[in-house]
Amino acid sequence: MTTTATATGTVAGFDQVIKSYAGVRAVDGLTLELHPGETVALLGPNGAGKSTTLDLLLGLKHADSGSVRVFGTSPREAIVAGRVGAMLQSGGLMDEVTVGELVKLACDLHPKPYRAADVLARAGITQLADRRVGKLSGGQEQRVRFALATAGDSDLIVLDEPTTGMDVSARQAFWATMREQADQGRTVLFATHYLEEADAIADRVLVLHRGRLLADGTAAEIKAKAGARRIAFDLAGPVDEAALRALPFLTSIDVSGHTVRIQSADADATVHALYGLGLHPRNLEVAGLGLEQAFVAITAAEEARTA
């Protein structure tokens, strides 16, 4: 399979995009670009504007102001040309047809179609070809949606919570396939609440909050942006939680029995003060935040700033 995506240039761009509902801004001045071959994770808490952003990119909604361009044209023109494939949570599948019939229809409608048998195989659903769509499990439905999104030679693949309902092995197979798509020059944009997937899969992570872009970078850069580090240790005797909460540079603390987990903006100073209390921590570990903790820290800081 080949792709028509070029090695340079902009796949899609948002320029100061605003979209409101009943006076509430779901997308607020969003500016960003997507480039060929990138695998991009779109993260954000509920209500952050992720679904609206994807809808704008796919031409399902129109911006109140600003512009959205896909391959230099409007989203609708890019989709009609077959340059965009999408896997969305919303929208029903045709329950009364078979999986094979539905995939063949998607291939027949695509301007640059693949063979239906190849699409079924790539999605791991060849054995489901004769089953009616209405008889599928949730994870199987997701794989059918993926097949429909990749029925032809599209340059941009947009995925909304693609692995919801899939078991671990199906998720691993799915992401291996998506990595192949990116390696062939396609751009993959996916929204997910599985932050470990974003950490492992994405070349680039976008963090949205109340329609604004809070962070844009690699997973490592997002973790560094959070600033804090994790400190974990055990205490042999009674835990004086009040004394621990007085340690410098704490951003959060969790005490479970004799185990203490801390996030600190200056781990060295916090650990030094910990020993200054006369405590003798055992199994002391200091590490950077995972993507999930960094995501929580970044969004919490923004909540505090705008409160």
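Residues numbered from 1 in each chain as written. Predicted model: local features only at pLDDT ≥ 70, side-chain atom pairs only at ≥ 80, totals over all residues. Heavy atoms only, no water.

### So, helix α11 (residues 291–306)
- Here α11 spans 23 Å end to end across 16 residues, near enough to the 22 Å set by a 1.5 Å rise per residue.
- The set of residues buried in α11 consists of Leu291, Ala294, Phe295, Ile298, Thr299 and Glu302. Taken end-on, α11 shows its buried residues confined to a sector of 120 degrees, consistent with a single buried face. Within α11, the exposed residues directed more than 90 degrees away from the buried face are Glu292 and Ala304. (Helix = DSSP H or I, 4+ residues; strand = E, 2+ residues; numbered from the N terminus. Expected span 1.5 Å × (residues − 1). Buried < 20%, exposed > 50% of the residue type's maximum accessible area, 1.4 Å probe, protein only. Arc of directions from axis to C-beta.)

### Comments concerning the packing of aromatic side chains
- Evaluated as defined, the whole model comprises 3 aromatic pairs.
- Arranged with centres 4.9 Å apart and planes meeting at 70 degrees, the rings of Phe146 and Phe174 form a pair that is edge-to-face. In this pair, Phe146 is assigned in helix α5 (residues 138–149) and Phe174 in helix α6 (residues 168–183), connecting sequence segments 28 residues apart.
- Phe146 sits in the buried class, given a relative accessible area of 2%.
- Here Phe174 and Trp175 contribute two aromatic rings whose centre-to-centre distance is 5.0 Å and whose plane-to-plane angle is 85 degrees, an arrangement assigned as edge-to-face.
- Overall, Trp175 belongs to the buried group, its relative accessible area being 5%. (Phe/Tyr/Trp six-rings, centres within 6.5 Å; stacked < 30°, edge-to-face > 60°.)

### Quick word on the nonpolar core
- Ranked by size, the top nonpolar core spans 46 residues in total, and within it Val99 and Ile125 carry the most contacts.
- Ignoring anything within four residues of it in the chain, the contact list for Val99 reads Leu120, Ile125, Leu128, Ala129, Arg131, Val133, Leu136 and Val144.
- Val11, Ala12, Leu34 and Leu156 belong to the second-largest nonpolar core, a separate cluster that totals 27 residues. (Core = buried A, V, L, I, M, F, W, Y, C linked by side-chain atoms within 4.5 Å. Contact = heavy atoms within 4.5 Å.)

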